[in-house]
Each structure stands twice: as C-alpha cells, then as structure tokens.
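# Examining the three-dimensional arrangement
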Amino acid sequence: MSDNITNNMTSIKINIENWRLAICPNSRVERGKVDFRTPEELRDSGLETIPANVPGNFELDLIKAGKLPEDIFAGTNILKLQDLECMHLWYSTEYEIDAARCPEDYDAFLKFEGTDTVSEIYLDGELLGRTENMLIPHEFALDPEQAKPGRHTVVVHIIPVSVYARKFDLPAKCWGMKYTQDSLLVRKAPAMYGWDIMPRALSGGLWRPVTLTFKPRRRIRGQYLITSNIWQDKGRWQAELTLKAAVETDFDDLRDLTLTLRGTHRDKAGNVDSRFEKSDTLYSVNHVMQIHVDDVRLWWPKNYGDPALYDVELILSRTAFNDRGERIFNKPETDGKGDIVILDRVTFRHGIRTVELERTSLAGPDGKFYFRVNDKKIFVLGSNWVPADTFPSRIDDYTIRGLELADDIGCNMIRCWGGSPYPSDVLYDYCDEHGIMVWQDFAMACGLYPDDERMCKLIREEAVSVVKALRKHPSLALWSGDNENDIFCQWRGGAVEGRLINQVDPNHNKLTREVIAGVVERYDGFRPYIPSSPYMDEEVFATKRLPSEDHLWGPRDYFKGEYYYKQSIAHFASETGYHGCPSPASLRRFISEEALENRGDGQICTDPEWLVHSASMETDPGAPFAYRVPLMTRQVERLFGQAPDNIETYALMSQISQAEAMKFFVEHFRIGKWYRSGIIWWNIIDGWPQISDAVVDWYGVKKLAYTYIKRSQQPFCLMCDEPESDGLVTLCAASDLHHPIEISFSVSDALTGKKVLFGSTKVEPDSTARLARFKALPGHFYLLKWNSDGGSRDGSGAVKGLNHFCGDIGEGVNLAAYKAFMQNSGLWEKLEGFGE
C-alpha cells in the first residue's frame, strides 16, 4: 500500500500499489480451466509475473519488461498488439491496513476508477464483484472483515473483450465498421478497435487508480449545485442557485443535522469580491436549498468575458442548541472559536452561468443552431478532441498539452468525440478555468448498437455515472447521445438504382431517445441534449433534407469546390477537416528511411509503414482505412498540379494545402455569422503518430495550418469572401469583441506591390461587416492589414493584424512564389520540422 494518502477533510483515500501482472492466452485458459484468486495461487501456477503499473495498460508493462519493442509506434510495431488480443490478464497485489488507518465510525470502500474492461475481482480470495464497462468507475462496499487491520490481497482477472464478445449475437439491424463490430457489444472506447484516426489497440488493464477509501458514516453522499436563474438589477448580475444534496446518517432525528453552503470569488488581486452562504436544518436525507447571490461574477466562455469560478464548500454538521437544550434551526454547531464542528465536508469550484441551445431541425433561411450562455449568443470556434494517447492510462498525461494548444489557437469549445473514453477532471478543470466550452458525446460512434435489456442496462448505468461526475463543470455545454449513429441508420438500408430503401429510422433508437435522454433529464436537466451528432430527428428523416448541424466531409477534394462552398448549408459544423502531412522530421521518427519515399501515388499506397500510420489495421492496400495517403496526394496534386517525390517538398505542399483549406473553412463560417454560428474543426492534435487532419502531430510539432487557424480565429480579423458572379471579392471584418472598434485597413497585391483597397471604418461588437469590394486577379496574393488605437479583448490597448487571401488559385500554384509572398509579408515564421 502506498503512503500516498489523501484526507479530504473527513474521507481517507489510500492508493493501492505494488501490482504484478501475469498473462495467459485464452486457449490455455479454456483448456486448463485456469482460475486464480490469490497472489499465492498465481505464484504457484508457473505463469511468469512482471511488475505492473496501476494506472496502466498491460502492453506498457510488456514494453518496460522488454517483451515488446520500446517504440511501439515505429514502423509496423503497433500490429504486434493484435497478437495479444486473446490474452487473459491477472493483476495481483497485497497490502496492509494498520489500526491507525482504520478509523471507527467509517465505512470502507474499494474503488476501481477504470477497469478495462470485463473483470472478476477477488479480495482475500473471495469474489468481490464483476465489471463489464471500461468507461466508468466501480466501487465496492467492504464489510468489517474485509476492512479489518492486517494483510489483504487483491486479484483482478481481466477477460479479453475479443473473447467475451463471442458470447453475444449481433442482431441483423446492428452493424458498424469492419474492425468495430465487437465494440457494439461491450462498453469500451470504440476507437480502441481501430479507426481512421487511431490504431487498433484493444489493450486491457487497470487504467485508472485503485483506492481504498474510508468515508464517515454520517456523510454527504452527493451534491449538485445548479444555476437556476440569473437577472440584472441596476447593472449588477443577480443569481438564484439551487443545491441538491443527499446525506448518509444513522441519526434518529434529522433535525440534528445542518448543511452549510459557502462560496467565495476572488478578483485577480486575490481579494474576495463576491460571496454567498446559507445554512439549513435537515428534514430529509435528500435536501434542496435555494441561495440568492448578489453582485454575481458570471462564468463566460472565451471571447465573451472572464470564466469566473467560486470556491465552494458544503459542510455537514450537527445543529446548534441553546442553553436550554433547544435546537437553533438553520444554525450549525460551532466550537469556542466560532468554527463549525464538521461531520463531513466537500469542496469544489463552481461557475455561475446558464446555457441553452436554440436549434431547428432543418438547415435553411429560417434555420438555426446556436448556443446561448447567460442569454448571450455565442459564436463557436472549436476543435474536436480525440483520445490524447493510444493507451488510456496515459491520456491524462497528454491532455494539458493539447488543451494549451486549443486555448492558444483561439478555441472556445472542444467536442469530446464519442469514440473516446470520457475525459477526467484534468480536462474539465482546465476548460472551466480557461473558458473553453465542452460538447460531450456519450461513448458510442459510427454504428447501430443493440438495444436489448442487457445493453440498455449497461448504457443506463454508464450514463448515470457520467452525468453525475461531469455535471458540476460550467464548461460542459451540451450532451450528445453519440457520434454519427443517426447517419449510420441511413446507410444501413439498401438501394435501387441509387434510391435508398429500407432505411432504419434513427428516432427508434431506444438508447439515445429513451435511455440516455431520460438519464440526462433526470440527473442533470439544466443543459441541452441532442440524441446524436448530426441529429436526424423526425423532420430530417421524413424530408431527407439537411440538418441544421452537420459533419462536413464530402468528397474531400478541392476545399473551395462545390460541396464545401455551395452545397453545405449547415448553420453549425461539428466536424470538418483536411489532410496535412506531418513534417519530415516527424515522419522520420515513425517511418523508416527506406520506406519514406514509398508513399505511392494518388490512387494507391502499398508500403506497410505508410499504411499502418494511415491508421490501417492491416497492410492490405485495399483495406478500409488505406485511403489516407492517396487522398493526401490527390489534395496536393489538386492545388499544385503534381506531387513531387522529394519528401521535404511533398510535406510542405501538403501542409500548405491543409493550411489554406482550414483557413477557408473557419473564415467561411465567420463571414456567414449569424446564419452560421460555429465550426468545430478536426482536430487539434493526434493521439499517435499518423497521417491525419490534425494540425499538431503526435510529437507536438505544429503544422502550417496551426498558424493559419490561429490567425483566422483571433477575436478580430479581416478576411475575404470568395468572388461573386461579377468577379469582385468582398473584404469582411469578423469581430467577436464585445465592444465596437474603429480600424484603418489596407489590401495590397503582393505581385504588383500596389494597394488595391484602403480606408477606415467602425465595426460593431460581435458581428461581421462587409467593408468593400475589389478585383482579385487569378494567381495573385493579397496582404490584408489593419490596426486600431483601441480594441483589445478587454477594451484597452491596440489591435493590429495581418492576414492573406489568394486569388483564384485553380490548379498549379507556384510554390516558389507562394513561399516568397508568405516569408516577405511576415506571415510565415520558421516551419517546424523542416530543414532550412
């Protein structure tokens, strides 16, 4: 047992460590009826055991033990993990509880924060419980014998999911992608089965901590602080908060208990500038308390204000009595110094804010899809968030670097994609503090899942756990039932000469329309929910028209083509992206030198290393995910006319292609404000080394698109719309500032050196203004400049900036001329991962 002990005022949490790991193939387990319940039985079995990290994944322990390649991401090494998919795992440890760590009047619990996935847990040789959900914690109450002082043993037998899934039939209506069929039958992060953005690494292990916790028998069992109402009175915000709290107690008379809620907000100098406090005597173990807060500091998303957070404590204490032995209601017992005598205390941070989603079913002139925070319409600039690492136990280690990039690039929302495990408080605490809203998918993606009694029960238990864990965060703006499962309903049917028939109506999906919807309403109820993204409700399904929120992928050809510019009428894009090759320096870290020039052409790639890092689960050039490298090459050919053999030049061309595409997508949506209300592009950073749409690779090396997006997402930016029928281009000013700004501006033709447009104007807050029009010549590059004497994000200082626009670039952009323009105009810094 570790000395890492956390005493959260009254609860005592002890991390259990010193684990060992044994593995055995399923065939031997089935043949030999292998069954181990104690560390002694494992030691006597003859199976080799190795040290195991908890939290961890068993492959990482094998790497550390020298049984797998040290760099599992290099070459085709990741394919070796498929040889281990039928391995049973046994984690074992022993620990001591001394009397000093076993307090009286406390209940003991053994908690497994993350068990991947199907397990049998034995404590002191006896079955403690079973699990079959990787995505949520599992906590077991211990009886006095199990928690007594002395030596205790734990053995966790993890059954391989690939074997476990064989127990179940997949109904005819249910289907997923080639590699993800089993993911429909077990509750495990879908991306671990292999995706076009992540490798196949089924894995297994105790991926989050295992803890022994002692909780006071008279304790706060749960709490939820809600912003019920906000309003302004004489220019100051007011709020009504609602606390819902549940307590555990053995007191006969509940009136002997008092709950006290306190909250304080401090300004940047550390001084308290807003507070609230209230005490209530209990009449039920389920208590509701209303609290008025005067002169509130509201939580705002990035670009709209400060993300104010209150430090809150909820205290359970005895009720005070007077000298005559009579209760003083709504007053806690205090010591001689005036401090509350505490039975239990919970501390947390809280943001006071409201969030709404206003949407229509269909996209079009009368459609909408936008968020309101504190009754203010929010224009979303965001990125999709995928697993930060291939191995779930390392996700928290890599989370902050990705969030810092999202914050730096100007995002005020991330979308936690449904193929991932649910994020921990590491992600949500950062987003709370930095004003980054979170769109949270439930962990289902790209498939039609069974909705039998077993799966409904698993999903309900999971949803309750997730909602209770995450609802406290002000950054959480939206629940979404899944990723693209509604779309898969459309693809499930057949066709007659191109006409779709026998489609499954996604509105019959019991999991997202009934189970999860009911849990969100019951256990949250104060933030919006959509059953899927994109959401194909009854009207969308019946009319076959486009929804108000959509994923804009299309043919992934020329980024200014018909699909992206004219046919996409969505008000909100929650996915869109474009390929960008990692830098040559990064490529050389995961593709061998001899394979580096073997990427193929725009039709086929046959090299195993390129294919695996595309992320194909096999080396067959015709495999489902083998398309990435040829697609990237075609995108280069479309912009530059040809794809060179030289890897330095090829990678640069690909990054330019991606950068221009991503810049176009962001600016296209900002120019369309408020017909368009937000874009969440794909994506900020990779979860492993690969060919992808990410704008930062696994090694943290930024692609050119990072710089372009950051420029296009700054709170105030000049940008150009595409030429209209008369050939003229409109210069636009996009402002997410919350005050007006007066600017002077100019547009210069880099090839002729002439100013084609200049002037000054006033731009209203939170708007897009069309300033002037000019003739943009094909193949010419234009430099946009602006400055203002006042107009920074906080309303003081100066705003100035640069951006660029390319005239009709057609096919055959001159790389040398493009590079010269960017470097001479100051728009390019040194490119990361390239030679001089």
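As the structure is a computational prediction, the values presented were derived from the model and not from experiment. (Residues numbered from 1 in each chain as written. Predicted model: local features only at pLDDT ≥ 70, side-chain atom pairs only at ≥ 80, totals over all residues. Heavy atoms only, no water.)

## Describing the overall build of the protein
Selection criterion: Secondary structure elements follow DSSP: runs of H or I no shorter than four residues count as helices, runs of E no shorter than two count as strands, and numbering proceeds from the N terminus. When accessible area is computed with a 1.4 Å probe and restricted to protein chains, residues below 20% of their type maximum are described as buried, those above 50% as exposed, and intermediate ones as partly exposed. We call two residues contacting when some pair of their heavy atoms lies within 4.5 Å. Only the protein chains shown count as cover for residues, with accessible areas throughout obtained via the Shrake-Rupley method and a probe of 1.4 Å. In this tally, Asp and Glu contribute negative charge and Lys and Arg positive charge; neither His nor the terminal groups of the chain are included. Working definition for charges: the position is that of NZ of Lys, CZ of Arg, CG of Asp or CD of Glu.
The helix and strand inventory of the protein stands at 17 helices and 41 strands. Its C-alpha atoms give the protein principal-axis dimensions of about 90 × 75 × 55 Å. Across the 836 residues that make up the protein, the buried fraction comes to 61%. Of all intrachain contacts in the protein linking residues separated by at least 6 positions in sequence, the fraction that spans at least 24 positions is 72%. Taken as a whole, the protein presents about 32800 Å² of accessible surface, with 46% of it coming from carbon and sulfur. Here the protein contributes 97 positive and 122 negative side-chain charges, whose respective centroids are spaced 3 Å apart.

## Points about the packing of aromatic side chains
The condition that has to hold: Only the six-membered ring of Trp is used, alongside the rings of Phe and Tyr, when aromatic pairs are assigned; centres must lie within 6.5 Å, and planes under 30 degrees apart are stacked while those over 60 apart are edge-to-face, with the rest tilted. Definition used: whenever NZ (Lys) or CZ (Arg) falls within 6 Å of the ring centre and also within 35 degrees of the ring normal, the charge is taken to sit over that ring.
Per the stated rule, a full pass over the model turns up 33 aromatic pairs. Here the aromatic rings of F371 and W439 are separated by 6.5 Å at their centres, their planes lie at 65°, and the arrangement is edge-to-face. Within this pair, whereas F371 is found in strand 23 (residues 369-373), its partner W439 is found in strand 27 (residues 437-441), the two being separated by 68 residues in sequence. In this structure, F371 and W439 share a single accessibility class: buried. Aromatic side chains F781 and F821 sit 5.2 Å apart centroid to centroid with 10° between the ring planes, which places their arrangement in the stacked category. One end of the pair, F781, is in strand 40 (residues 781-788); the other, F821, is in helix 17 (residues 815-824), and 40 residues separate them in sequence. By relative accessible area, which is 5% here, F781 ends up buried. Among the aromatic residues, ring-to-ring pairing joins F73, F391, Y398, W688 and W698 into one connected group. Between K215 and the ring centre of F109, over which it is positioned, the NZ or CZ distance is 4.4 Å. Sitting above the plane of the W698 ring, R401 keeps its charged end 5.0 Å from the centroid.

## Description of the pairing of strand 8 (residues 118-123)
To keep it simple, the criterion reads: DSSP-based pairing: two strands are paired if at least 2 bridges between them are found.
With six of six residues buried, strand 8 lies mostly within the body of the structure. In the sheet, strand 8 pairs with strand 9 (residues 126-132) via six bridges, with the strands oriented antiparallel. Of the residues in strand 9, the one forming a bridge with V118 is E132. The turn joining strand 8 and strand 9, which pair antiparallel and follow one another in sequence, is formed by two residues; a positive phi near 55° is taken by D124.

## Overview of the sheet that holds strand 33 (residues 572-576)
Pairing within the open sheet is parallel, and its eight strands lie in the order 31-28-27-26-25-34-33-32. Every interior strand has two partners, whereas the edge strands, strand 31 (529-530) and strand 32 (549-552), have only one.

## With respect to helix 17
One turn of an α-helix holds 3.6 residues; hence residues three or four places apart share an orientation. Spelled out, the test is: When we speak of the arc, we mean the arc of directions from the helix axis to the C-beta atoms. Polar contact is the term for a pair of N or O atoms within 3.5 Å; when the atoms are in protein, one must be able to donate a hydrogen and the other to accept it, and sequence-neighboring residues count only if both atoms are side-chain atoms.
For helix 17, the set of buried residues is L815, Y818, F821 and M822. Take helix 17 and look down its axis: the buried residues cluster within an arc of 130°, on one side only. The exposed residues of helix 17 that point more than 90 degrees off its buried face are A816 and N824. Check the buried side of helix 17 and you find it contacts helix 14 (628-640), helix 15 (647-671), helix 16 (704-712), strand 40 and strand 41 (799-806). N-capping of helix 17 is provided by N814, with a side-chain oxygen placed 3.0 Å from the backbone N of A816. Just downstream of helix 17 lies G826, where phi reads positive at about 80°.

## Structural notes on the packing of helix 7 (residues 453-470) against helix 9 (residues 510-523)
How we decide: Helix axes are fitted to C-alpha atoms over the stretch in contact, other axes to C-alpha atoms as well, and angles between N-to-C directions run from 0 to 180 degrees. Two helices cross in a left-handed way if the nearer one is turned anticlockwise from the farther one by less than a right angle. They cross in a right-handed way if the turn is clockwise. Nonpolar residues are Ala, Val, Leu, Ile, Met, Phe, Trp, Tyr, Cys and Pro. Charged residues are Asp, Glu, Lys and Arg, and all others, Gly as well, are polar.
With their axes 9 Å apart at the nearest point, helix 7 and helix 9 run at an angle of 35° to one another. Relative to helix 9, helix 7 is oriented so that their crossing is right-handed. Between helix 7 and helix 9, the contacting residues are M455, C456, I459, R460, A463, V464, V467 and K468 on the first element and K510, L511, V515, I516, V519, V520 and Y523 on the second. Classifying every residue of the contact of helix 7 with helix 9 by side-chain character gives 12 nonpolar, no polar and three charged.

## Quick notes on the pairing of strand 15 (residues 236-248)
Taken together, the 13 bridges between strand 14 (residues 219-233) and strand 15 define a ladder with antiparallel strand orientation. Its bridge partner lying in strand 15, I220 is registered against V247. Taking the residues that link successive antiparallel strands as the turn, the strand 14-strand 15 hairpin has two residues, and the phi of K234 there is positive, at about 55°. Of the strand pairs in this sheet, strand 15 and strand 18 (residues 286-293) are connected by eight bridges, and their pairing is antiparallel. For A246, the partnering residue across the bridge sits in strand 18 and is N286.

## Some details on helix 5 (residues 395-408)
Which entries qualify depends on this criterion: Each helix should span, by expectation, one fewer than its residue count multiplied by 1.5 Å.
The end-to-end C-alpha separation of helix 5 is 20 Å, in line with the 20 Å expected for 14 residues at 1.5 Å each. When helix 5 is considered as a whole, its buried residues turn out to be I395, T399, G402, L403, L405, A406 and D407. Buried residues along helix 5 sit in contact with strand 25 (380-385), strand 26 (413-416), helix 6 (425-434) and helix 16.

## Some thoughts on the layout of surface pockets
The test is simple: Definitions used for this entry: grid spacing 1 Å over protein atoms alone; cavity, a set of points where a 1.4 Å probe fits but cannot get out; pocket, an open set with protein on both sides within 12 Å along at least 5 of 7 lines; lining residue, one with an atom within 4 Å of a point. Grid points are joined across faces, edges and corners, and a volume is the space filled by probe spheres set on the points.
Here the second largest pocket defines a volume of roughly 770 Å³. If you list the elements that add at least two residues to the lining of the second largest pocket, you get helix 8 (485-492), strand 32 and helix 11 (562-567). Sorting elements by how many residues they give to the lining of the second largest pocket places helix 8 first, with four residues. Of the residues contributing to the lining of the second largest pocket, the split by class is 21 nonpolar, seven polar and nine charged.

## A word on the packing of helix 14 against helix 15
We apply this condition: Should an angle lie under 35 degrees it is considered roughly parallel, over 145 roughly antiparallel, and from 65 to 115 roughly perpendicular; all remaining angles are considered oblique.
Between helix 14 and helix 15, the least distance of the axes is 9 Å, while the angle of their chain directions is 80°. It follows that helix 14 is roughly perpendicular to helix 15 by the angle criterion. Listed contacts from helix 15 to V629, M632, T633, Q635, V636, L639 and F640 of helix 14 are Y650, M653, S654, I656 and S657. Tallied by class, the residues present in the contact of helix 14 with helix 15 amount to eight nonpolar, four polar and no charged.

## A look at unusual backbone geometry
A cis amide bond, omega 5°, links V54 with the succeeding residue P55. Of note, the amide linkage connecting W682 to N683 takes the cis form, showing an omega dihedral of -10°. If you trace the backbone, N683 turns up in the loop between strand 34 (678-681) and helix 16. For D105, which is not glycine, the phi torsion reads 60° and is therefore positive. Tracing the backbone through its elements, the reader meets D105 in the loop between strand 5 (87-97) and strand 6 (106-112). Although it is not a glycine, K544 sits at a positive phi angle of roughly 60°. With respect to the helices, strands and loops of the structure, K544 is situated in the loop between helix 10 (538-543) and strand 32. Of the residues examined, K544 reaches a relative accessible area of 48% and is grouped as partly exposed.

## Description of the sheet that holds strand 36 (residues 728-735)
Pairing within the open sheet is antiparallel, and its three strands lie in the order 35-36-39. Each edge of the open sheet carries a strand with a single partner, namely strand 35 (716-720) and strand 39 (767-775). Strand after strand, the sheet turns through a mean of 20° between neighbouring axes, direction not considered. Contacting strand 35, strand 36 and strand 39, helix 15 runs over the sheet at an angle of about 100° to strand 35.

## Description of the pattern of salt bridges
So the rule is basically this: The term salt bridge refers to a side-chain nitrogen of Lys or Arg lying within 4 Å of a carboxyl oxygen of Asp or Glu.
Using the criterion set out here, one finds 60 salt bridges in the structure. Here E313 makes a salt bridge to R345, at a shortest N to O gap of 2.8 Å. One end of the pair, E313, is in strand 19 (residues 310-321); the other, R345, is in strand 21 (residues 342-350), and 32 residues separate them in sequence. For R345, a relative accessible area of 17% translates into the label buried. Where E433 meets R349, a salt bridge forms, and the shortest distance between an N and an O atom there is 3.3 Å.

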